[in-house]
Each structure stands twice: as C-alpha cells, then as structure tokens.
Amino acid sequence: MTDLSPQAVAPHLRGRFGMPHLYEPECESTQLLLVDSGLSEGAIATTEHQTRGRGRLGRAWAAAPGTALLVSILLEPRPERRLPELSLVAALAVAETVERATELAAQVKWPNDVMLNRRKIAGILSELVDGSVVVGIGLNVNQTRDELPRDALTEPGSLRTLTGTTYDRATLLGSLLSLLERAYGIWRENGLDGLYGELGARDFLRGRRITVGGEPATALQILRDGRLELDLGAHETRAIESGEIRFER
Ligand code: BTN
C-alpha cells in the first residue's frame, strides 16, 4: 500500500489533472495548501492526515491518518457556471471511481455526498478563492468501522467496511483525477446537461421521503441546473438550491 505522495501518485496520472502536486504528510486542511498558491488549473494537494479537516456548513471532517483519500483540486471554471453544479460534477466522478474499483453501484446524494450501500463514503467541499475554485474531496477508503465518525448526520461507511477489501489510495486518486477531468471538460462546455444521463442514473434521493431543514417532502429529482426538485404535497413542488437533507432509510 502506498501513500498519497507525488512519487506514489505520478505513475497513476493519465491526463492534465494532478500536476503540480503539493504534498504534506500532515496539514491543517488540503484546501488551505492551494489558497494563494499561484498554481494553475488541475493542481492538487494531498495529505495523509488533516488536523482541522473542513466539511460543509462549517462542520469538521475527520479521518484516521493514512486511511482516507484526502485531496483538493484547483479549478478555474467560467464565471457563469454555478458552483453547486461543480460539486455534483465532482461527486459524479467520485461515484464512477468507486464503481470501477468495487464493481458496485454508487450514488450521488444531492448536494455533494457519495453513497455506497446507503452509507456516505465521500463528501465534497467546493470553495471559491479569488476567482478560482478549490474542490476538496474526502473519500473513506480503508477505515475500519471503529475509525468512522459516530456522530455523523448520514451514516458513514468506507470502501473497506462495505466490501471487506482494502484499496490503494494512489491508484484510486489517479482514476478519480482522470474521471474528474473528463466530467469537468463536458460540464465546462455544456453544463450539467452534458452529464445528465450519468448523474440522473445515480440520483440517490430520487423518490425518497426526506426532510429539508425539518420540513417533510418527497425528493423528485436533481434538475438540469443542479437544483433539487421537491414534492411538498397538495400539488406543490419547489426547486431548492441548498439545504440540509435527511432521508428515511
Ligand atoms: C462534507 O461532506 O461536509 C465535505 C467534506 C470534504 C472533506 C475534504 S477532505 C479534503 C479537503 N480538505 C478539507 O479540509 N476538506 C476537504
């Protein structure tokens, strides 16, 4: 098993994404390594351990050292492209990476999680920094059950807990970067429309009873502009751009 250093990852790179590669065995957050780095699109930052990993909505993201795939990627989308769509593009690339590695079907849970067997295995955090976007991806790979967070809102899993197998993180990262480069290129030119078949087929919430900020609803679908369409009952539908979703198992 290799680490996430440039030496370990370079043999698995297939395209433009992944270079330059900043690496710290331990850091506060890989997101911070790319801020003010002056690097170009496709640059990445990786680590074995984050001391203050960042999740969505100001939450923390924690993983035992050397167990998770922790990566941030610098992207420069056109200003008119909507940021929440980019999180869905990244989630789709993660789902496809997991499917290739495990031969199981993975889903995208709007707005930015990746699910396997109803467990959250990855989260995406897209942050705007001086006109560029830093997309952070945390994929639970080799954690044991005891190493996963106990207080998570969505029940977590790792590739190891869900398949019984351990995986080489550098190999997964190479695959993820080439799938992200492909999906990102399509999105840059055609928006989510160009990826809608792949995304719609992996829409985890579709048809599920959920609550949004405590309000009950049925999730209908991810729309072509990246919003989530809800059925609120009494013939009322609504499309939302963000929200805290809980689902019934
Ligand atoms: C979430 O589900 O809330 C998003 C989690 C994003 C975690 C990743 S790990 C790599 C990158 N660095 C961070 O500090 N956060 C993201």
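Just so we're clear, the structure is a prediction, and the values are computed from it rather than from any experiment. (Residues numbered from 1 in each chain as written. Predicted model: local features only at pLDDT ≥ 70, side-chain atom pairs only at ≥ 80, totals over all residues. Heavy atoms only, no water.)

Participant: Where do I start with the sheet that holds strand S7 (residues 132-140) in this structure?
Facilitator: Across a sheet, strands are paired by hydrogen bonds formed along the backbone, either parallel or antiparallel in direction. Here we have seven strands laid out as an open sheet, ordered S1-S2-S3-S7-S6-S5-S4, and mixed in their pairing. One side of each edge strand has no neighbouring strand; the edge strands of this open sheet are strand S1 (21-27) and strand S4 (106-109). Pairs of neighbouring strands in the sheet enclose a mean axial angle of 20°, with direction left out of account. Relative to S7, strand S6 (residues 119-129) is paired through eight bridges, and the arrangement is antiparallel. Along S7, the bridge assignment pairs Gly123 with Gly138. Against the sheet, helix H3 (residues 83-102) touches strand S3 (68-75), S4, strand S5 (113-116), S6 and S7, its axis set at about 145° to S6. Contacts from helix H5 (residues 169-190) reach strand S2 (44-50), S3 and S7 within the one sheet, and its direction differs from that of S3 by about 30°. (Pairing = 2+ DSSP bridges. Helix = DSSP H or I, 4+ residues; strand = E, 2+ residues; numbered from the N terminus. Axes fitted to C-alpha atoms, helices over the stretch in contact; angles between N-to-C directions. Contact = heavy atoms within 4.5 Å.)

Participant: I keep staring at H5 and nothing clicks. Help me out?
Facilitator: An α-helical turn contains 3.6 residues, so any two residues separated by three or four positions project in the same direction. The first and last C-alpha atoms of H5 sit 31 Å apart over 22 residues, in line with the 32 Å expected at 1.5 Å per residue. Looking only at H5, the buried set comprises Arg169, Ala170, Leu172, Leu173, Gly174, Leu176, Leu177, Leu179, Leu180, Ala183, Tyr184 and Trp187. Looking at the buried side of H5, the elements it contacts are helix H1 (6-9), S2, S3, H3, S7 and helix H4 (159-163). In the segment just after H5, Gly191 is the residue with positive phi, at about 70°. (Expected span 1.5 Å × (residues − 1). Buried < 20%, exposed > 50% of the residue type's maximum accessible area, 1.4 Å probe, protein only.)

Participant: Explain the packing of H3 against H5 here, please?
Facilitator: Any two packed helices are characterised by the angle at which their axes cross and by the distance between the axes. In contact at an axis separation of 8 Å, H3 and H5 are set at 140° when each is read in the N-to-C sense. Classified by the angle their axes make, H3 and H5 are oblique. Handedness of the H3/H5 crossing: right-handed. Contacts between H3 and H5 involve Glu85, Leu86, Val89, Ala90, Ala93, Val94, Glu96, Thr97, Arg100 and Ala101 on the former and, on the latter, Leu172, Ser175, Leu176, Leu179, Leu180, Arg182, Ala183, Tyr184 and Trp187. (Parallel < 35°, antiparallel > 145°, perpendicular 65-115°, else oblique. Left-handed = near helix turned anticlockwise from the far one by under 90°.)

Participant: Even after reading the chapter, I still don't get the sheet that holds strand S11 (residues 236-240), so can you show me in this structure?
Facilitator: The five strands lie next to each other as S11-S10-S9-S8-S12, forming an open sheet whose pairing is antiparallel. With partners counted over all chains shown, the strands left at the sheet margins are S11 and strand S12 (245-247), one partner each. Sheet twist, expressed as the average angle between the axes of neighbouring strands with direction ignored, equals 40°. For strand S8 (residues 209-212) and S12, the ladder comprises three bridges, and the chain directions are antiparallel. Bridging from a neighbouring strand, Thr211 pairs with Arg246 of S12.

Participant: Can you help me understand the layout of surface pockets in this one?
Facilitator: Any empty space left between atoms is shown by rolling a water-sized probe over those atoms. Reported here for the largest pocket is a volume of approximately 790 Å³. The wall of the largest pocket is formed by 40 residues, among which Arg59, Ala60, Trp61, Lys120 and Ala152 lie closest to the centre. Put simply, the parts of the chain that give the lining of the largest pocket at least two residues each are helix H2 (30-34), S3, S6, S7 and S12. Among the residues making up the lining of the largest pocket, the classes are represented as 16 nonpolar, twelve polar and twelve charged. Put simply, the second largest pocket is a space of about 220 Å³. If you trace the second largest pocket, you find it lined by Arg56, Leu57, Leu83, Pro84, Ser87, Pro111, Asn112, Ile124, Leu125, Ser126, Glu241 and Ser242. Broken down by secondary-structure element, the contributors of at least two residues to the lining of the second largest pocket are H3 and S6. (1 Å grid on protein atoms, 1.4 Å probe; cavity = no way out; pocket = protein on both sides within 12 Å on 5 of 7 lines; lining within 4 Å. Points joined across faces, edges and corners; volume = space filled by probe spheres on them. Nonpolar A, V, L, I, M, F, W, Y, C, P; charged D, E, K, R; others polar.)

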